[in-house]
Amino acid sequence: MGLGTYENYRRAPPDMMKFGYDAPEGVEIRGRYDGEFAAILDRDALKFVAGLQREFRSRIKYAMECREEAKRSFSEGASPGFDPATRYIREGEWTCAPVPPAVADRTVEITGPVGRKMIINALNSGAKVFMADFEDALSPSWENLMRGQVNLKDAVDGTITFHDKARNRVYKLNNQTAKLFVRPRGWHLPEAHILIDGEPATGCLVDFGLYFYHNHAAFRRTQGAGLGPFFYLPKMENSREAKIWNCVFEKAEKTAGIERGSIRATVLIETLPAVFQMNEILYELRDHSVGLNCGRWDYIFSYVKTFQAHRDRLLPDRVQVGMTQHFMKSYSDLLIWTCHRRGVHAMGGMAAQIPIRDDPEANNAALELVRKDKLREVRAGHDGTWAAHPGLVPVCMEVFSNNMGDTPNQIQSMKREDASAITEEDLLQRPRGSRSLDGLRLNTRVGIQYLAAWLTGAGSVPLYNLMEDAATAEISRVQNWQWLKYGAELDGDGLGVKVNNDLFGKVVEEEMCRIEREAGKEKFRRGMYKEACKIFARQCTAPTLDDFLTLNAYNNIVIHHPTGSSSRL
Ligand SMILES: CC(=O)SCCNC(=O)CCNC(=O)[C@H](O)C(C)(C)COP(=O)(O)OP(=O)(O)OC[C@H]1O[C@@H](n2cnc3c(N)ncnc32)[C@H](O)[C@@H]1OP(=O)(O)O
Ligand SMILES: O=CC(=O)O
Ligand SMILES: [Mg+2]
């Protein structure tokens, strides 16, 4: 009998209990043993991941210290801006490596977590690209991460199937599928189930390393027309972080014996400091780049985080901070100009609306909002956009095709020279709008429900007909924190109430009652709502802002095996 389940693991001989996975020297696997995971976590794959960790750990640590240093300086009153030392890169004439034909057309990219059915549905959705997500859309439990690696390997091999027993429906790949991009976690997230030389591995090196190791050959053969694999890189704040990725790619290519420049990646510009580094980021990755993407939700979160010590930078209600705010429009225009000047894709972002099945009128209204958002993007010059749900792919495709004609992208036709005039002031302009008690309530209700889902393994969920993931939940959290910290006046209600701990305490209590009512007593009792409420409320009222909601909550989903062994985070 194979050692495929935890029960088997528990019954295994003592040496197997201790050494369930065949790990190389210095690597310890503390996640649950599973036969399928063991095929991913084989000795050579782990050696590869450990090699990346050992080579890059001190540079990653330094890059994270630089983030702290930048945070200190923003908190002492500085604002992010263009770096005079890298003016020569911004002003120089250079381009990135030519766009690979396999991904010239990226008009619609669907995104989603790495669940088996989700992967098949996304690849079959009619979108040009599927971004398989280990980041915003995934709760990074051991099970989700390792199952995700198994699923992606089957997807790249073309053998992935899924049997939905409840519906007796079998899912398999169509003949024509979307091209696969993979988004590893951000630099800040550790992988506590894999210890390398006694320390938790860097999450993104685990995601990248295992996926690359197992799939590069098949991917290049079947999907990349000789190039690839393809990646999305999240949450960077400075080009020094892009430089590390570039070195990681070069090491991976060298180890695999493939040509330098085979791996290609799109960087999400989703932090405020990074908008001033777009040229520098592309420059570091110029042999491996296929563009930038407007990660609008994390960008809004980052605006609050960067200005956390600036009491004059309070955001209006979350629903009012859209892409038409001057600072958001400036960011996307500058991204388009920068990318097209350097010869790569300028990707749009995600509208949060999703189809509403049981209400045709509301559904039409939601589709109309998506259509409007996509129209704005294509007219501005974006080369493609993101869809959160297969039901949105046709709308997005229609808007982009109608406005781009037969060309696969607008890199040559929409240079957007006018955007070269965008200034630091444009990029930092305060968002306009008002604050309301309803805004505080919604943030609280959504934040708690999202976290409750995340704690039970779901990293993206539908809430009130919108897609919520780690990035959107972050906005709810930091906005509450900011309003509480500075006693923001709720000027949108006409009441002039100021946010304080008493008011927030009442809101939390009332919103928990509403959540219980909406979820139903049984689901509420069985769920993790109370735990989520505790974490969320603590974070909103903390004297200093936690860097990330999910980093702080991560210990709650770490399960070390054998059970009872201590977490080393
Ligand atoms: C800020 C950012 O980073 S954005 C990028 C990260 N976020 C994401 O990727 C979110 C992706 N979207 C999702 O996770 C989902 O659409 C949700 C959670 C919002 C809604 O999911 P559901 O409640 O399952 O939606 P719904 O019930 O309407 O799904 C209908 C079908 O579409 C499938 N589906 C829904 N979203 C997706 C998706 N993104 N990719 C593939 N299939 C999907 C469902 O699996 C379901 O399939 P089935 O009919 O075969 O059972
Ligand atoms: O990752 C995307 C975002 O909007 O955040
Ligand atoms: Mg994001």
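Residues numbered from 1 in each chain as written. Chains lettered and ligands numbered in written order. Predicted model: local features only at pLDDT ≥ 70, side-chain atom pairs only at ≥ 80, totals over all residues. Heavy atoms only, no water.

### Considering the layout of surface pockets
One number sums up the size of the second largest pocket: a volume of about 670 Å³. Along the walls of the second largest pocket sit 24 residues, with W297, V319, G322, Q353 and L369 positioned nearest its centre. No other element matches the five residues that helix 14 (residues 360-380) contributes to the lining of the second largest pocket. Counted by class, the lining of the second largest pocket contains 14 nonpolar, four polar and six charged residues. (1 Å grid on protein atoms, 1.4 Å probe; cavity = no way out; pocket = protein on both sides within 12 Å on 5 of 7 lines; lining within 4 Å. Points joined across faces, edges and corners; volume = space filled by probe spheres on them. Helix = DSSP H or I, 4+ residues; strand = E, 2+ residues; numbered from the N terminus. Nonpolar A, V, L, I, M, F, W, Y, C, P; charged D, E, K, R; others polar.)

### Focus on the nonpolar core
Soluble globular proteins tend to pack their nonpolar side chains together in the buried interior. Within the largest apolar cluster, 137 residues are counted, with the highest numbers of intra-cluster contacts made by L41, F208, W245 and I269. Looking at which element gives the most residues to this core, the answer is helix 4 (residues 43-75), with ten residues. In this structure, this core is formed jointly by two domains, domain 1 (44-428) and domain 2 (437-555), each of which donates at least three residues. Filtering out sequence-adjacent residues up to four positions away, F208 remains in contact with L52, P184, F231, W245, V248, F249, A252 and I263. In this structure, Y486, L490, I535 and Y554 belong to the second largest nonpolar core, which totals 40 residues. (Core = buried A, V, L, I, M, F, W, Y, C linked by side-chain atoms within 4.5 Å. Buried < 20%, exposed > 50% of the residue type's maximum accessible area, 1.4 Å probe, protein only. Domains from an automatic or database assignment. Contact = heavy atoms within 4.5 Å.)

### Description of the site of ligand 1
Neighbouring ligand 1 are 28 residues; K117, R167, Y171, R357 and S460 lie closest to it. Contact distances for ligand 1 include 2.6 Å between an oxygen atom and a side-chain N or O atom of T111. R183 is positioned with one of its side-chain polar atoms (N or O) 3.1 Å from an oxygen atom of ligand 1. Across the complex, the protein chains shield 84% of the 940 Å² of accessible surface that ligand 1 would expose by itself. Of all the secondary structure elements, the ones that give two or more residues to the shell around ligand 1 are strand 2 (108-113), helix 6 (116-123), strand 5 (169-172) and strand 14 (461-463). Both domains that meet at the shell around ligand 1, namely domain 1 (44-428) and domain 2 (437-555), each give it at least three residues. (Near = heavy atom within 4 Å. Polar contact = N/O pair within 3.5 Å; in protein donor to acceptor, adjacent residues only side chain to side chain. Areas by Shrake-Rupley, 256 points an atom, 1.4 Å probe, with all protein chains shown as cover.)

### Description of the domain arrangement of the protein
Domain annotation of the protein identifies domain 1 (44-428) and domain 2 (437-555). Taken together, the 40 residues of domain 1 in the interface contact 36 residues of domain 2. Together, the buried faces of domain 1 and domain 2 total about 3300 Å²; carbon and sulfur atoms form 62% of this surface. Considering only the surface of domain 1 that becomes buried against domain 2, F301, Q308 and R318 emerge as the three largest contributors, covering 21% of it. (Buried area = accessible area lost by both parts, 1.4 Å probe.)

### A few points about the site of ligand 2
The environment of ligand 2 is made up of D136, R183, L268, E270, G295, R296, W297, D298, W386 and A471. A distance of 3.1 Å separates an oxygen atom of ligand 2 from a polar backbone atom of R296. Relative to its unbound accessible surface of 190 Å², ligand 2 loses 96% to contact with the protein. Here the element with the most residues in the shell around ligand 2 is helix 12 (residues 296-306); it accounts for three residues. When grouped by side-chain class, the residues that make up the shell around ligand 2 number four nonpolar, one polar and five charged.

### Description of the UniProt feature "domain: Malate synthase N-terminal" (unreviewed entry) in the protein
With numbering aligned to this structure, UniProt lists the feature "domain: Malate synthase N-terminal" (unreviewed entry) at residues 25-87. As annotated, residues 25-87 comprises 63% helix and 5% strand, and the C-alpha atoms at either end are separated by 45 Å. (UniProt positions renumbered as here; feature names shortened; annotations may be inferred.)

### Concerning the pairing of strand 3 (residues 129-133)
Within strand 3, five of the five residues are buried, leaving the element largely enclosed by the surrounding structure. Alternating positions in strand 3 separate into two faces, V129, M131 and D133 on one and F130 and A132 on the other, with burial throughout. Both strand 2 and strand 3 contribute to a ladder of five bridges, which runs parallel. Paired with I110 across the bridge in strand 3 is F130. With helix 6 bridging strand 2 and its parallel neighbour strand 3, the resulting β-α-β unit is right-handed. Bridging between strand 3 and strand 6 (residues 179-183) involves five bridges; their strand directions are parallel. Residue pairing across strands places M131 opposite F181, the latter belonging to strand 6. (Pairing = 2+ DSSP bridges. Right-handed = clockwise from strand over helix to strand, strands pointing away.)

### Quick notes on the sheet that holds strand 10 (residues 264-269)
If you trace the eight strands once around the closed barrel, you get 2-3-6-9-10-11-12-13, paired in parallel fashion. Strand after strand, the sheet turns through a mean of 25° between neighbouring axes, direction not considered. In the sheet, strand 9 (residues 230-233) pairs with strand 10 via four bridges, with the strands oriented parallel. Residue pairing across strands places Y232 opposite T266, the latter belonging to strand 10. (Axes fitted to C-alpha atoms, helices over the stretch in contact; angles between N-to-C directions.)

### Here's the deal with the environment of T306
Relative to the assigned elements, T306 resides in helix 12. Here T306 falls in the buried class, since its relative accessible area comes to 7%. With 232 residues separating them along the chain, T306 and F74 place their C-alpha atoms 6.5 Å apart. Filtering out sequence-adjacent residues up to four positions away, T306 remains in contact with F74, P80, L272 and P273.

### Observations regarding the pairing of strand 4 (residues 161-164)
Bridging between strand 4 and strand 5 involves four bridges; their strand directions are antiparallel. Bridging across to strand 5, D164 finds its partner in R169. Here strand 4 folds back onto strand 5, and the loop between the two strands holds four residues, one of which, N168, carries a positive phi near 45°.

### Considerations on the packing of aromatic side chains
Throughout the structure, instances matching the rule amount to 26 aromatic pairs. Ring geometry for F219 and F230: centres 5.2 Å apart, planes at 90°, overall edge-to-face. Of this pair, F219 sits in helix 8 (residues 203-222) while F230 sits in strand 9, placing them eleven residues apart in sequence. Grouping residues by exposure puts F219 and F230 together as buried. Relative to F249, the ring of F231 has its centre 6.0 Å away and its plane inclined at 25°; by these criteria the two rings are stacked. In this pair, F231 sits in strand 9 while F249 sits in helix 9 (residues 239-256), placing the two residues 18 residues apart along the sequence. Since its relative accessible area comes to 0%, F249 is described here as buried. Here a set of aromatic residues connected by ring pairs shows up, and it is made of F48, W187, F208, Y211, F212, Y213, F231, W245 and F249. Between the NZ or CZ atom of R445 and the centre of the ring of Y464, over which it lies, the distance is 5.0 Å. (Phe/Tyr/Trp six-rings, centres within 6.5 Å; stacked < 30°, edge-to-face > 60°. Lys NZ or Arg CZ within 6 Å of the ring centre and 35° of its normal.)

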